[in-house]
Amino acid sequence: MPIPVIGRLDGRTTGRRFGFGIVSAAGVGLVVALRDRRKGGISWKVSFVAALAFWLLTSLAATAVVPPQGLVQWIGALLAAHVLATAACTWIARRIF
């Protein structure tokens, strides 16, 4: 019987997870950068709205590749990841710039 932790380190599942995250991170970063360029400031509201929009798109994409037994956990984990990553990155960006 395989150990679940080793299954999570498998390249197929890890690559799929990073694939979802990279698209969302780049999209949120682009939206915030465009708003910063246009209005001259990094907004918490814009970053969270963009993150939630990309979370919805990512959740819809996840329904195509995640089995129904784990879909609720995936969607919850994606929401937590989007909100936490947005909060951390926005906080860092506002401190730097």
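Check the entry above for the structure.
Conventions and cut-offs
Residues numbered from 1 in each chain as written. Predicted model: local features only at pLDDT ≥ 70, side-chain atom pairs only at ≥ 80, totals over all residues. Heavy atoms only, no water. Helix = DSSP H or I, 4+ residues; strand = E, 2+ residues; numbered from the N terminus. Buried < 20%, exposed > 50% of the residue type's maximum accessible area, 1.4 Å probe, protein only. Areas by Shrake-Rupley, 256 points an atom, 1.4 Å probe, with all protein chains shown as cover. Expected span 1.5 Å × (residues − 1). Patch = residues over 30% accessible without salt bridge, like charges linked within 9 Å, V, L, I, M, F, W, Y side chains within 5 Å. Salt bridge = Lys/Arg side-chain N within 4 Å of Asp/Glu carboxyl O.

1. Considerations on the overall build of the protein chain
The helix and strand tally for the protein chain stands at four helices and zero strands. Along the protein chain, helices (α) and strands (β) appear in the sequence α-α-α-α when read from the amino end. Expressed as a percentage of its 97 residues, the buried residues of the protein chain come to 23%. Accessible surface for the protein chain amounts to roughly 7000 Å². Of this, 73% is attributable to carbon and sulfur atoms.

2. A look at helix α4 (residues 71–96)
A rise of 1.5 Å per residue sets the reference length of α4, with its 26 residues, at 38 Å; its end C-alpha atoms lie 37 Å apart and thus fit the reference within 8%. For α4, every residue scored as buried is listed here: Trp74, Leu78, His82, Thr86, Thr90 and Ala93.

3. Points about a nonpolar patch on the surface
Taken together, Trp44, Trp91, Ile92, Ile96 and Phe97 make up a surface patch of nonpolar side chains, about 600 Å² in accessible area. Element by element, the count of residues in the nonpolar patch is highest for α4, at three residues. The partly exposed category is assigned to Trp44, whose relative accessible area is 33%.

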